[in-house]
Amino acid sequence: MQYDTIVIGGGHNGLAAATLLAKAGQSVLVLEKGAQPGGAVGVTRFKDGGSVPRYAHSTIALGRQEISDLGLSRHGLTGREAPLSTLLLSDDGRHVYLDGPSVAYADGAAHPDAAGFTALRDRLSRFADKLAPLVAAPPPQLEGGDWREIVGLAGLAFGIRRLGAVDSREFMRVLLSNVYDTVLDEMDDSPLAALLGVDAVLGGRQGPRAPGTVLTLLQRLRNGGNRIVPKGGMATVVDAFAEAASAAGVTIRCKTGVTAILTEDDRATGVETEEGERITCGRVLSSLDPMTTIRLTGIGQFDAEDVRRVRNIRTRGAAAKVNLSLSAMPSFTGVSDKQASGRILTAQGLGDLELTYNAVKYGEMPETPIMEIVLPGRRDAEMGATLSAIVQYVPYDLQGGWTDSAKKTLESKVLDRLEGFAPGLTASVQEAEVLTPVDIETETGAPGGHWHHGELIADQMLMLRPVPGMDRYEMPVSGMYLCGASTHPGGDVTGLPGCNAARQVLKGLKKRAAA
Ligand SMILES: Cc1cc2nc3c(=O)[nH]c(=O)nc-3n(C[C@H](O)[C@H](O)[C@H](O)COP(=O)(O)OP(=O)(O)OC[C@H]3O[C@@H](n4cnc5c(N)ncnc54)[C@H](O)[C@@H]3O)c2cc1C
């Protein structure tokens, strides 16, 4: 046996899992098909020297525990970086600016819904903190489970009771409801109302009226809901995960795609690479989605019912990325440079989000794209005049397919929308990169190009993620585990699926050693 563990995929979750296993004394090899580790946390470098986050452009609710367990702060990611401010662009020019607790119009005038919004956000953040332990640990077992888990669940129930009668009732009421009604019960529809909607649905294929979108919002409001970009941008994030892995003794091999998972007597024994090399190991952790992992192993190794369930996971993505290299930093009308240095949203309201979502259901391109934008050069001059836009509600399964002309149409729609807020931006474009969900799937292997490697919604969360029976990271084939975004608690740059999977492996080994 050449390694104790082989991890397939060097995205940040594969690296996180590898790091914890290596820290526990295992010999670990990470095999990554791309030229660099990082997966969907990468960088696009433009011809003029500017750079932009290729896909993910901030971390969301990254936890102190994972930073500490993985040793990321020694490699440039401390989690103490100042959270990004938020600018909400409004078609009527009355943009809204949120920085820390402050919520006001960008010109400094008071916003009529500021108090209502703050009260709602604070209440939801309190709920999110109660749920945080559930998100950060493997999902609870419906039967069995050791005493620590039972104590943990009791603690969760106690924590909810401690919210007090009014809040704990409200917690139960909103938990599985939709973000649209929950927000509009408290305030008028506006770009400010849309902010909580965007946080609930970004990266997924649900409209804000879908039941369960409050639950996805709560997941993102953990740890203060902070969006963080360290000095050096997302490249620092990738480097921190990769360097922490190397420092723990992990071997990372890039340009080495895995084409098969080898088994013997129903047990994973190694992998075969694109070059035909066979590498043996004691266990395999796959950060790929369960269907790809099953295919790599051979469908015949799995129960037909398991395969059916995995096939039924909803994985069609609905987020695209448009990256621009510009001759000059864009200037948004009525906004200071500082106000444009965090994240910038273009949604006009929850109604706007829901209407835009409608198109995706029918495989159509949105008329007016909804975007989350970051200008990396505003925080880090080295990145130059570039713009990073996540475009929400762009269908994987576009009618007619993602031809070059369809991509050009998406680019034009994005530029038209941006031009309305930042006149002159279109003329300043030097290079444009349009990455559709199909491109994302091709490049990273994420099924459907999906941000979470599978829709994150109540019936595909917790012990139902990715499917019952694989929810504790262990696959039905012995010695084989999942450790990527397809598992609990899903995508975003949190490292949690990878850390949880590694902890489960170590727990299993300890149990076996004690038996
Ligand atoms: C457009 C877009 C924007 C996003 N923006 C944000 C954001 O701003 N903030 C945020 O928190 N999250 C964001 N996300 C989500 C986040 O990037 C993902 O949830 C996260 O990267 C998942 O990490 P992972 O390690 O599980 O998988 P991935 O990052 O997908 O990594 C999987 C790795 O496996 C490799 N691989 C695939 N097949 C093989 C094979 N056969 N052999 C070897 N290696 C293989 C791939 O090359 C890849 O490196 C975004 C996602 C997308 C698509």
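Preceding this paragraph is the structure being described.
Predicted model only: the values in this text are computed from it and were never measured.

**Side note on the site of the ligand**
Then step 1. Near the ligand there are 30 residues, and of these Asn-13, Glu-32, Ser-58, Trp-451 and Val-493 occur at the shortest range.
Then step 2. Contact distances for the ligand include 2.6 Å between an oxygen atom and a side-chain N or O atom of Glu-32.
Then step 3. Computed on the free molecule, the ligand has an accessible area of 1000 Å², of which 96% lies beneath the protein chains in the complex.
Then step 4. In terms of residue class, the shell around the ligand is built from 14 nonpolar, 13 polar and three charged.

**Some thoughts on helix H9 (residues 234–247)**
Then step 1. Relative to the 20 Å expected for 14 residues at 1.5 Å per residue, H9 spans 20 Å between its end C-alpha atoms, a close match to the ideal helical length.
Then step 2. Along H9, ten of the 14 residues are buried, which leaves the element largely enclosed by surrounding structure.
Then step 3. Every buried residue belonging to H9 is among Met-234, Ala-235, Thr-236, Val-237, Val-238, Ala-240, Phe-241, Ala-242, Ala-244 and Ala-245, and all of these are buried.
Then step 4. The elements touched by buried residues of H9 are helix H1 (12–23), strand S3 (43–45), strand S4 (51–53), strand S5 (59–60), helix H2 (64–70) and strand S10 (251–253).

**Considering the nonpolar core**
Then step 1. Counting 50 residues, the largest nonpolar core has Leu-98, Phe-117, Leu-124, Val-183, Leu-192, Leu-218 and Leu-353 as its most contacted members.
Then step 2. If sequence neighbours within four positions are ignored, Leu-192 has contacts with Leu-88, Val-96, Leu-98, Val-103, His-111, Asp-113, Phe-117 and Met-187.

**Some remarks on the environment of Thr-86**
Then step 1. Examined against the element boundaries, Thr-86 turns out to sit in strand S6 (residues 86–88).
Then step 2. Since its relative accessible area comes to 7%, Thr-86 is described here as buried.
Then step 3. Between the alpha carbons of Thr-86 and Ile-373 there is a distance of 9.9 Å; along the sequence they are 287 residues apart.
Then step 4. Residues within four places of Thr-86 in sequence aside, it is in contact with Val-96, Tyr-97, Leu-98, Leu-195, Arg-343 and Leu-345.
Then step 5. Here Arg-343 takes part through its side chain, which lies 3.5 Å from a polar atom of the side chain of Thr-86.

Rules of the game
Numbers given to residues run from 1 along each chain, matching the order in which its sequence is written. Selection of residues for local features in this predicted model requires a pLDDT of at least 70, selection of side-chain atom pairs for listing and counting requires 80 or more, and totals for whole chains, interfaces and linings are taken over all residues. Think of the side-chain values as coming from all heavy atoms in the structure, minus any hydrogens and water. Being near a molecule or strand, for a residue, comes down to having at least one heavy atom within 4 Å of it. A 3.5 Å cut-off defines polar contacts: any pair of N or O atoms within that distance qualifies, except that in protein one atom must be a possible hydrogen donor and the other a possible acceptor, and neighbouring residues in sequence count only when both atoms are side-chain atoms. What sets the accessible areas is the Shrake-Rupley method with a 1.4 Å probe; for residues, cover comes only from the shown protein chains. Three categories are distinguished: nonpolar for Ala, Val, Leu, Ile, Met, Phe, Trp, Tyr, Cys and Pro, charged for Asp, Glu, Lys and Arg, and polar for the others, with Gly belonging to the last. A helix here means a DSSP run of H or I that spans at least four residues, while a strand means a run of E at least two residues long, and both kinds are numbered starting from the N terminus. What a helix should span is 1.5 Å times the count of its residues minus one. Three exposure classes are used, based on accessible area relative to the maximum for each residue type with a 1.4 Å probe and protein chains only: buried under 20%, partly exposed in between, and exposed over 50%. Note on contacts: a residue pair qualifies if any of its non-hydrogen atoms lie within 4.5 Å across the two residues. Nine residue types can take part in a nonpolar core, namely buried Ala, Val, Leu, Ile, Met, Phe, Trp, Tyr and Cys, and a core is a set of them joined through side-chain atoms within 4.5 Å.

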